[in-house]
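Single-letter residue listing:
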4 protein chains.
Amino acid sequence: MEQIKCIGVLTSGGDAPGMNAAIRAVTRTAIYHGFTVKGIRRGYKGLITGDIVGMESQSVSNIIQLGGTILKSARCKEFCTPEGRKLAYENMQAAGIDALVVIGGDGSIKGAGEFASEYNIPVVALPGTIDNDLGGTDATIGYDSALNTIMEAVDKLRDTASSHERLFFVEVMGHTAGYLALNGAIASGAEAAIVPEMETEVDQLAELINNGFRKSKNSAIVLVAENPKTGGAIGLAERVKKEFPQYDARVTILGHLQRGGSPTSLDRILASRLGEAAIEAFMEGQRNVMIGVRNSQLVYVPFSKAIRHNKGINRTYLDLVKILSI
Amino acid sequence: MEQIKCIGVLTSGGDAPGMNAAIRAVTRTAIYHGFTVKGIRRGYKGLITGDIVGMESQSVSNIIQLGGTILKSARCKEFCTPEGRKLAYENMQAAGIDALVVIGGDGSIKGAGEFASEYNIPVVALPGTIDNDLGGTDATIGYDSALNTIMEAVDKLRDTASSHERLFFVEVMGHTAGYLALNGAIASGAEAAIVPEMETEVDQLAELINNGFRKSKNSAIVLVAENPKTGGAIGLAERVKKEFPQYDARVTILGHLQRGGSPTSLDRILASRLGEAAIEAFMEGQRNVMIGVRNSQLVYVPFSKAIRHNKGINRTYLDLVKILSI
Amino acid sequence: MEQIKCIGVLTSGGDAPGMNAAIRAVTRTAIYHGFTVKGIRRGYKGLITGDIVGMESQSVSNIIQLGGTILKSARCKEFCTPEGRKLAYENMQAAGIDALVVIGGDGSIKGAGEFASEYNIPVVALPGTIDNDLGGTDATIGYDSALNTIMEAVDKLRDTASSHERLFFVEVMGHTAGYLALNGAIASGAEAAIVPEMETEVDQLAELINNGFRKSKNSAIVLVAENPKTGGAIGLAERVKKEFPQYDARVTILGHLQRGGSPTSLDRILASRLGEAAIEAFMEGQRNVMIGVRNSQLVYVPFSKAIRHNKGINRTYLDLVKILSI
Amino acid sequence: MEQIKCIGVLTSGGDAPGMNAAIRAVTRTAIYHGFTVKGIRRGYKGLITGDIVGMESQSVSNIIQLGGTILKSARCKEFCTPEGRKLAYENMQAAGIDALVVIGGDGSIKGAGEFASEYNIPVVALPGTIDNDLGGTDATIGYDSALNTIMEAVDKLRDTASSHERLFFVEVMGHTAGYLALNGAIASGAEAAIVPEMETEVDQLAELINNGFRKSKNSAIVLVAENPKTGGAIGLAERVKKEFPQYDARVTILGHLQRGGSPTSLDRILASRLGEAAIEAFMEGQRNVMIGVRNSQLVYVPFSKAIRHNKGINRTYLDLVKILSI
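Please read all numbers here as calculations on a predicted model, not as lab measurements.

S.K.: Any chance you could explain the sheet that holds strand β3 (residues 52-55) of chain C here in plain terms?
M.R.: Strand-to-strand pairing in sheets goes through backbone hydrogen bonds, with the strands running parallel or antiparallel. All names here are of chain C. If you trace the seven strands from one edge of the open sheet to the other, you get β3-β2-β1-β4-β5-β10-β11, paired in mixed fashion. The sheet terminates laterally at β3 and β11 (297-302), the two strands that pair on one side only. With direction set aside, neighbouring strand axes in the sheet form an average angle of 30°. In the sheet, strand β10 (residues 289-294) pairs with β11 via six bridges, with the strands oriented antiparallel.

Spelled out as structure tokens, the structure:
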């Protein structure tokens, strides 16, 4: 560890609110402990193209509240190739970067793992994704913010006239995971969540309609995870038109706005703690781990475990949605 | 006028934020001046079904900030028939209602006009619609709130990674008018607005792309009015896929959430002033007018002029969008 | 347990965002399982005055997003007397209420404990307070919302001109606990938090100023817990005027607005889970416990442990504020 | 006019949300029409110290939504002296700036006028102040945003338990004008506004209390303009303690947070239009005017008229507050 002098930091993959708070914490904690810090722009792409900037304490002033990431994020196909990673390594060497903090989701952590093992570079990853689909951690930076964004959208939707026989489908993100749809449904008091985890077991749309959904009224708000398994909001609206023509279906697609917005306090505090912990991990000689949080405690998670997401959906939460929408 | 003792109030058509502030102002101003007030639920439908409730000062406590309408709104086909209006009149008589305040958009005002002339009832209308598509008034209750809702959504979208060659289409409401799309584009700093008013003149999508849109970067946020003339966000994304396959198009459809949310201060103040003016109009012997606001002054607008929307789109605003997104 | 047929629910003490979500979950889960539900208004006061209303599923429609509490809350001195509790018991009997769900903070839970033991009534409490100062639970309903309210206020403050030599004191709530001040400081990127837990050890204001606080600039935002030990924002501003006249101190006092506002998704989900668990606790024969959450799991906490708050302040968080504001 | 090649832009005085939108519009419109643009930092102070930066189209990317001002603002005493203005002129010459756009309030416009007349420099001012206290214009950049910030704070306050005999004083800004207090009271449904304009006529606090304020309940929210004439929230709370001890008074002081936050759509659109108009004014040969908006039309306002604020308070609005809080 004693040889680490300069730490590089990058954000990779889909944006998540709180990434800036993480960059700020990484940068200032590193400077506080005497390291030099360099920011790599546009994720791994910036390593490959050498788009690297020096970071001072002021570089991260007044960013904790901003959505997006000041270092820009990107998905980078070149980095999936040995040639790409070689270029990345050379640029990293040229810039004098000894160690890397990677903030991103499963693809980014997978890439970090390959890079670290090929070139023997100390890498620490921070879980940064709105999808909450990483193993070994209870929470990921951005998830709480996205959940609140979804909830606020549904709050507005609920205000509008409760016309009869109307189904409102709200499509939300979540990659392969139904967390945003399911927890968004609980938080917003929606009548149902349609999630990919359940699609093989049961026809969730048919079940919803055949059960007469909410007995006390004849309209419903349904959160739908964007996923081929669910068909998405458009797909479900088309099914309703054909199979349940007595209902009028309306569609809201939140899209990329779920990745933006000012982060919530939970995400900012999480990002601040994780960012500090990343630097402390290097100081303790740790490498090639993701910092996670389990039962409020920070933990080191091997990359292999972090990218193996198998938390599954909590079925008692599906029941809770039903009970609370009677 | 001296015979008016009991004033009925209803909200009709699509919800608009600020309708509750208007109900509150109508109710309290009427009570302040000695009138009795009755609330009619679900718009004209409540007149037809006799769904009418007494309104006290406390009935409108703590509602100024709520989206939607405590009286519920609806579109009502029966009221378009002579039989429906006859039923409505009979229920109104039975409930002892002498005069009516109707809060709604053009369809609602048209219905109010027919009803008023058939049965010689004093009616005052308040412009309540997010679309701002009424004649004789600079502003309608709900427009400013919807505009801010749209803007905040685009703000979040703008945070996300500015990937190359990507077009974000955000579909907004507006009925036949492009105000929400155009002013939403200015307010959010979007690269373009695609509005129904221009569709016959020029292929707005082709123009946007062929002009290389924003020269300084290769992605763009485009606000699209939901309207058959524009094709909507989905239609435009499909056109991009076919005609401009070098671009990756992503879709956000805000949908009915634009009709909800807590009203802005402008909408609440407007609704409060208009609500007070509705009662004062009755006291001045006015009838069968919409209260409008022109150059900050309250004015009486004949129904025939209110429903003839021909404000058109301000072309200098289209230019402004272009200049400001260089 | 078999004798419980009718469950009463009340909110007590200071308002906390999410109380409505808890009322909704208690009511609907109880109805789902076949219980009758009655709402008691204005906390224990409503028991004493017999202000009790029947609750149906629709009674809690469309309230999950509302701040405050539809049942109203109050502090009630009469309930601290044996005479008051006797009256309360008699009214409870008269209303046919067999068991009670109390949503509130330490004073409310203390009262619940006395009442339960005197009259042998099954009582379950839910932790409802923005102060997060209850034992046996990691979180309380309302804390996350209040934290976000504080953070958003400081975000706005940070936007304003960073004049030289200026100290902004923002006074926040927290009762005897510094959580809101300390976590608010981390979340908002403030330069310091002045909390009651530290006041006996060190002169926090002197330390802040003598250390030159943030070296890179000469102004600072300081979150101050409202507490005699800290002196509050006004007290500190007066000290600055006398002891450090080179600084210009400005004061923001957030006051009761911290108790209001729409709850965050975390508070709504927490309240929904706790509300469901309250009814399940009765069904399992539990009584006289608070439902808490530890390491994401719901737990039963004896009243005596719930009101003994000794979580203390996390000193590593005080360090984190300093490191991240370099 | 033909000699103008390079336009300088600065923000001066207290921050106002929308100043960044104005900087963006000035910069891009100028570049669009072929001018060079330079940004002067920290208001007139930057002219005196030569803190001047080149502005490109990208310099103002992604700032329309940000509160504060990227050019920083300041009040500058040196600029009130002939020596200060001489230095400013010399730096302006050295930087090659031919004309100046000043965004600020009355003090800033007064300074602009003196500077322009002394050194024969073309200056255009834009009204940028949350106080709305400028002559010749219906609106100022930042006023609508501050009004919404105040309203949202009072919305949260209103959620909390309506205890008996309690007065909530919320102190808001406004300089010598009561607009924010009065319109904030209408927008938030507060029971009263205490404004400097009325203080010489009547004891507003005594009137409020002696009239039993809101008959239907015994607590009230009162918006108080921060001004020696009103005594401020603290002063009024102290008066209540002495003169009306039966009431419990609570204080919220919003302070500088009213100057921050993301601007509303109205402020962004206003700022965009005014910014465009500033450049067009130079192109039309105009100089030494403020761009105002009257009845939705842009107008040129002589500096002398702009700084003579005498719009007064609208007394019908004071009546409206009373009527609507019965």
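Let's pick the thread back up.
S.K.: It is not clear to me how the sheet that holds strand β3 (residues 52-55) of chain B should be interpreted in this structure. Could you clarify?
M.R.: Residue and element names in this part refer to chain B. Spatial strand order, β3-β2-β1-β4-β5-β10-β11: seven strands in an open sheet with mixed pairing. Of all the strands in the sheet, just β3 and β11 (297-302) have a single pairing partner and so form its edges. Taken pair by pair, the neighbouring strands of this sheet meet at an average axis angle of 30°, ignoring direction. Here four bridges tie strand β1 (residues 6-11) to strand β2 (residues 36-40), and the two strands are oriented parallel to one another. The residue bridging Val9 from the neighbouring strand is Gly39, located in β2.

S.K.: Is there a simple way to explain the domain arrangement of chain A in this structure?
M.R.: Reports often express the size of an interface as the amount of accessible area lost when the parts come together. All names here are of chain A. Each assigned domain of chain A is listed here: domain 1 (6-142 + 263-306) and domain 2 (145-259). The gap between the C-alpha centroids of domain 1 and domain 2 is 34 Å. Taken together, the contacts link 14 residues of domain 1 with eleven residues of domain 2. The contact between domain 1 and domain 2 buries some 980 Å² in all, and 51% of this surface belongs to carbon and sulfur atoms. At the junction of domain 1 with domain 2, the criterion picks out zero salt bridges. In this assembly, domain 1 and domain 2 are joined by six residue pairs in polar contact (both at pLDDT 80 or more). Looking at the side of domain 1 that touches domain 2 residue by residue, the class counts come to four nonpolar, four polar and six charged.

S.K.: Would you mind showing me how to read the packing of helix α9 (residues 265-283) of chain B against helix α6 (residues 179-188) of chain D here?
M.R.: Each pair of packed helices can be summarised by the angle the axes make with each other and by the distance between the axes. One can describe the packing of α9 of chain B onto α6 of chain D by two numbers: an axis separation of 8 Å at closest approach and a directional angle of 80°. Relative to α6 of chain D, α9 of chain B is oriented roughly perpendicular. Between α9 of chain B and α6 of chain D, the contacting residues are Ser265, Arg268, Ile269 and Ser272 of chain B on the first element and Asn183, Ile186, Ala187 and Ser188 of chain D on the second. Among the residues forming the contact of α9 of chain B with α6 of chain D, the class breakdown is three nonpolar, four polar and one charged.

S.K.: Help me understand the nonpolar core in this model?
M.R.: If you look at the biggest cluster of nonpolar residues, it comprises 148 residues, and the most contacted ones within it are Leu126 of chain A together with Leu126 of chain B. Leu126 of chain B has contacts with Ala22, Val26, Val101, Val102, Ile103, Gly104, Ile141, Leu274, Gly275, Ala278, Met290 and Ile291 of chain B, leaving out every residue within four places of it along the chain.

S.K.: Would you mind showing me how to read the packing of aromatic side chains here?
M.R.: The geometry of two aromatic rings is summed up by the distance between their centres and the angle between their planes. For the structure shown, the criterion picks out 20 aromatic pairs over all chains. Aromatic side chains Tyr89 of chain C and Tyr119 of chain C sit 4.5 Å apart centroid to centroid with 15° between the ring planes, which places their arrangement in the stacked category. One end of the pair, Tyr89 of chain C, is in helix α3 (residues 82-94); the other, Tyr119 of chain C, is in helix α4 (residues 106-119), and 30 residues separate them in sequence. The partly exposed category is assigned to Tyr89 of chain C, whose relative accessible area is 24%. Put simply, the rings of Tyr44, Phe79, Tyr89, Phe115 and Tyr119 of chain A touch in pairs and so form one group of aromatic residues.

S.K.: Would you take a moment to explain the interface of chain C and chain A for this structure?
M.R.: At the junction of the two partners, chain C supplies 42 residues and chain A supplies 42 residues. Both sides together, the interface formed by chain C and chain A hides about 3,700 Å², and carbon and sulfur atoms give 57% of it. Broken down residue by residue, the surface that chain C buries against chain A is led by Ile323, Leu324 and Ile326 of chain C, which jointly contribute 17%. In this assembly, chain C and chain A are joined by two salt bridges. Here Arg268 of chain A makes a salt bridge to Asp155 of chain C, at a shortest N to O gap of 2.7 Å. In this structure, the connection of chain C to chain A is made through 18 residue pairs in polar contact (both at pLDDT 80 or more). Sorting the residues of the side of chain C that touches chain A by element identifies α1 (19-32), α5 (143-159), α6 (179-188), α9 (265-283) and α11 (315-324) of chain C as the ones contributing at least two each. Take the side of chain C that touches chain A: its biggest share by element is seven residues, from α9 of chain C.

S.K.: Where do I start with the relation of the copies chain C and chain A in this structure?
M.R.: One copy of the chain maps onto the other through a rotation about an axis followed by a shift along the same axis. Once chain C is rotated about the relating axis by 180° and shifted along it by 0.0 Å, it coincides with chain A to within an RMSD of 0.0 Å. What we have between these two chains is a two-fold relation. Identified as the residue of chain C closest to the rotation axis by C-alpha distance is Asn295 of chain C, at 2.2 Å. By residue overlap, the copies meet face to face through one surface: 100% of the interface positions of chain C are interface positions in chain A.

S.K.: Hey, could you run me through the side chain of Thr264 of chain D in this one?
M.R.: Positionally, Thr264 of chain D belongs in the loop between β9 (248-253) and α9 (265-283). Sequence-distant contacts of Thr264 of chain D, that is, excluding residues within four places in its chain, are made with Asn148 and Met151 of chain B together with Asp144, Ser145 and Asn148 of chain D.

Calculation rules
- Residues numbered from 1 in each chain as written.
- Chains lettered and ligands numbered in written order.
- Predicted model: local features only at pLDDT ≥ 70, side-chain atom pairs only at ≥ 80, totals over all residues.
- Heavy atoms only, no water.
- Pairing = 2+ DSSP bridges.
- Helix = DSSP H or I, 4+ residues; strand = E, 2+ residues; numbered from the N terminus.
- Axes fitted to C-alpha atoms, helices over the stretch in contact; angles between N-to-C directions.
- Domains from an automatic or database assignment.
- Contact = heavy atoms within 4.5 Å.
- Buried area = accessible area lost by both parts, 1.4 Å probe.
- Salt bridge = Lys/Arg side-chain N within 4 Å of Asp/Glu carboxyl O.
- Polar contact = N/O pair within 3.5 Å; in protein donor to acceptor, adjacent residues only side chain to side chain.
- Nonpolar A, V, L, I, M, F, W, Y, C, P; charged D, E, K, R; others polar.
- Parallel < 35°, antiparallel > 145°, perpendicular 65-115°, else oblique.
- Core = buried A, V, L, I, M, F, W, Y, C linked by side-chain atoms within 4.5 Å.
- Buried < 20%, exposed > 50% of the residue type's maximum accessible area, 1.4 Å probe, protein only.
- Phe/Tyr/Trp six-rings, centres within 6.5 Å; stacked < 30°, edge-to-face > 60°.
- Least-squares fit on C-alpha atoms with pLDDT ≥ 70 in both.

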